[in-house]
Amino acid sequence: MLTGKHILLIVGGGIAAFKSLDLIRRLRERGATVTPVLTKAGEAFVTPLSVSALAGRKVYRDLFDLTDEAEMGHIQLSRVADLVVVAPATADLMAKMASGLANDLASTLLLATDTPVLIAPAMNVRMWQHPATQRNLVALQEDGVARVGPNDGDMACGEFGPGRMAEPLEIVAAIEAKLADGPLAGKRVLVTSGPTHEPIDPVRYIANRSSGAQGTAIARALSALGADVVFVTGPADVPPPEGVSIVKVQTAEEMLNAVTAALPVDAGVFAAAVADWRVAGASDRKLKKSKDGLPDLAFAENPDILKNVSNLRKNRPELVIGFAAETNDVVENATAKWKRKGCDWIVANDVSAASGVMGGSDNTVVVIDASGAETWPTMPKEQVARRLADRIAQALKN
Ligand code: CTP
């Protein structure tokens, strides 16, 4: 529920603006107050009348509207809400936000606000994939702007791919997660998840069987307790959680860079199954079969992200949690790993083929910390995630 919560909703100019009308309805159904702001381009897609009728309030449109300034100045307007939501966040709006432009009401509010901001991007696939937009996205993530979507799918422009705005209920879930008054409210937590892909050549790679299910469930559980979650994920089988900042990577090196960029955080949960090795000097051409025999692949060691973060002098999270995937002597091996890596807790699990954990829905874990080993009963990965999130909340409180 969003009872008593106030959302400043900026509706940008994209075909997805029609979904924002439904978003207003859904937010009000849940008890939120919605103050709408419509950009000039937004007015080309939805009318001010429909926006204000659904919101049950005045829609703000112009920076130099003197009546508004008399009633409520733009600085005050930028700070009335608990959360500023930009939906649809067009490429243009994202660019303005990333570079700090303030040349209309929406961009001025976004520059002047001191409340958290959540964007729901929507644009053509090519515009989304353009290096300029991706650069702006990184800048916004670094500024702490949260994001939901975009999703893959058929686009109004006839193309297919990422760029569709998240559905209204997904945006609602992201808003609820952002505004959750849980025990982790105000805490920033990093979660790594999924496998990494280490290229051999442009078409082949080394990977592992991690689905990303456990890391995704942990990110969702932390977010439900009110944490601001940065989710750094390799190419996973399961879709990423809603309402968290998502950074997609392929290789261990990229994951380390994304993790470093996300610091400082209060806690880091390193659930990713990071490849220990990469192919040294991966070929930028496809390797061909040769009469001279098999390709001679040389390996190089990947950076150990968990160990790196555990041993940071500056910016070490208060709580660093590693995972240990073991096929035998789980407690013994994981305890040795806990010492070796320098993290605060290790969540160990049995990934032998017989356990069915890799790619399965259940997990049996042992949590190792300075006080010893705590074995949890076998339970669904979601439940493991909730219990771990509770344990994290307890630890950060102390
Ligand atoms: N990890 C990491 N970076 C790596 C390898 C592992 O951050 N390059 C993290 C994983 O996310 C996990 C923990 O380290 O939290 C344990 O990973 P695991 O692969 O089980 O351990 P290894 O260090 O590879 O040890 P071993 O090969 O002996 O099992």
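In the annotation of an unreviewed UniProt entry, the protein is listed under the name Coenzyme A biosynthesis bifunctional protein CoaBC and assigned to Roseobacter insulae.

Below, the discussion takes up the nonpolar core. By size, the foremost hydrophobic cluster in this structure holds 33 residues, and its most contacted members are Val191, Ile218, Leu222, Val269, Leu388 and Ile392. Contributing elements (two or more residues each) for this core: β8 (188-193), α10 (213-224), β11 (228-233), β13 (267-270), β16 (319-326), β17 (345-350), β19 (365-369) and α14 (381-397). If you tally residues by element for this core, the top one is α14, at 7 residues. Residues contacting valine 191, with those up to four places away along its chain left out, are Gly215, Ile218, Ala219, Leu222, Val229, Val230, Phe231, Val232 and Val269. Counting residues in hydrophobic clusters, the runner-up holds 32 residues, among them Leu2, Ala87, Ala146 and Met165.

Below, the discussion takes up the UniProt feature "binding site: CTP" (unreviewed entry) in the protein. Per the UniProt record, the feature "binding site: CTP" (unreviewed entry) sits at Asp276, Lys286, Pro303, Asp304, Ile305, Leu306, Phe323, Lys337 and Lys341. In terms of the greatest pairwise C-alpha distance, the residues named above, spread along 66 residues, do not form a single cluster, extending to 36.9 Å across. Tracing the chain through its elements places aspartate 276 in the loop between β13 and β14 (277-279). In contact with aspartate 276, other than residues within four places in its own chain, are Ala300, Glu301 and Asn302.

Between helix α1 (residues 17-29) and helix α2 (residues 48-55), the shortest axis-to-axis distance is 9 Å and the interhelical angle comes to 10°. As the angle between them shows, α1 and α2 are arranged roughly parallel. Taken together, the residues of α2 that come into contact with α1 (itself represented by Leu21, Ile24, Arg25 and Arg28) are Ser50, Val51, Ala53, Leu54 and Ala55. Among the residues making up the contact of α1 with α2, the classes are represented as 6 nonpolar, 1 polar and 2 charged.

What follows covers the sheet that holds strand β5 (residues 146-147). Taking strand neighbours across the sheet as the criterion, the 5 strands line up as β2-β1-β3-β4-β5 in an open arrangement whose pairing is parallel. If you trace the sheet from one side to the other, it starts and ends with β2 (33-38) and β5, each paired once. Alignment of strand β1 (residues 6-11) against β2, held across 6 bridges, turns out to be parallel. For histidine 6, the partnering residue across the bridge sits in β2 and is threonine 33.

With that out of the way, let us pick up the domain arrangement of the protein. How big an interface is tends to be stated in terms of the accessible area lost upon association of its parts. Domain assignment breaks the protein into domain 1 (1-179) and domain 2 (183-398). Between the C-alpha centres of domain 1 and domain 2 the distance comes to 32 Å. Contact residues are listed per partner, giving 8 residues for domain 1 and 9 residues for domain 2. Summing both partners gives a buried area of about 760 Å² for domain 1 against domain 2, and 46% of it is carried by carbon and sulfur.

It is worth spelling out the environment of alanine 32 at this point. By secondary structure assignment, the location of alanine 32 is in the loop between α1 and β2. On a C-alpha basis, the gap between alanine 32 and arginine 340 in space is 49 Å, while along the polypeptide they are 308 residues apart. Beyond its immediate stretch of four places on either side in the chain, alanine 32 contacts Leu2, Lys5, Ile7 and Leu27.

With 5 of 6 residues buried, β2 is to be regarded as a mostly interior element. Traced from β1 through α1 to β2, the parallel crossover comes out right-handed.

Rules behind the numbers
Residues numbered from 1 in each chain as written. Predicted model: local features only at pLDDT ≥ 70, side-chain atom pairs only at ≥ 80, totals over all residues. Heavy atoms only, no water. Core = buried A, V, L, I, M, F, W, Y, C linked by side-chain atoms within 4.5 Å. Buried < 20%, exposed > 50% of the residue type's maximum accessible area, 1.4 Å probe, protein only. Helix = DSSP H or I, 4+ residues; strand = E, 2+ residues; numbered from the N terminus. Contact = heavy atoms within 4.5 Å. UniProt positions renumbered as here; feature names shortened; annotations may be inferred. Axes fitted to C-alpha atoms, helices over the stretch in contact; angles between N-to-C directions. Parallel < 35°, antiparallel > 145°, perpendicular 65-115°, else oblique. Nonpolar A, V, L, I, M, F, W, Y, C, P; charged D, E, K, R; others polar. Pairing = 2+ DSSP bridges. Domains from an automatic or database assignment. Buried area = accessible area lost by both parts, 1.4 Å probe. Right-handed = clockwise from strand over helix to strand, strands pointing away.

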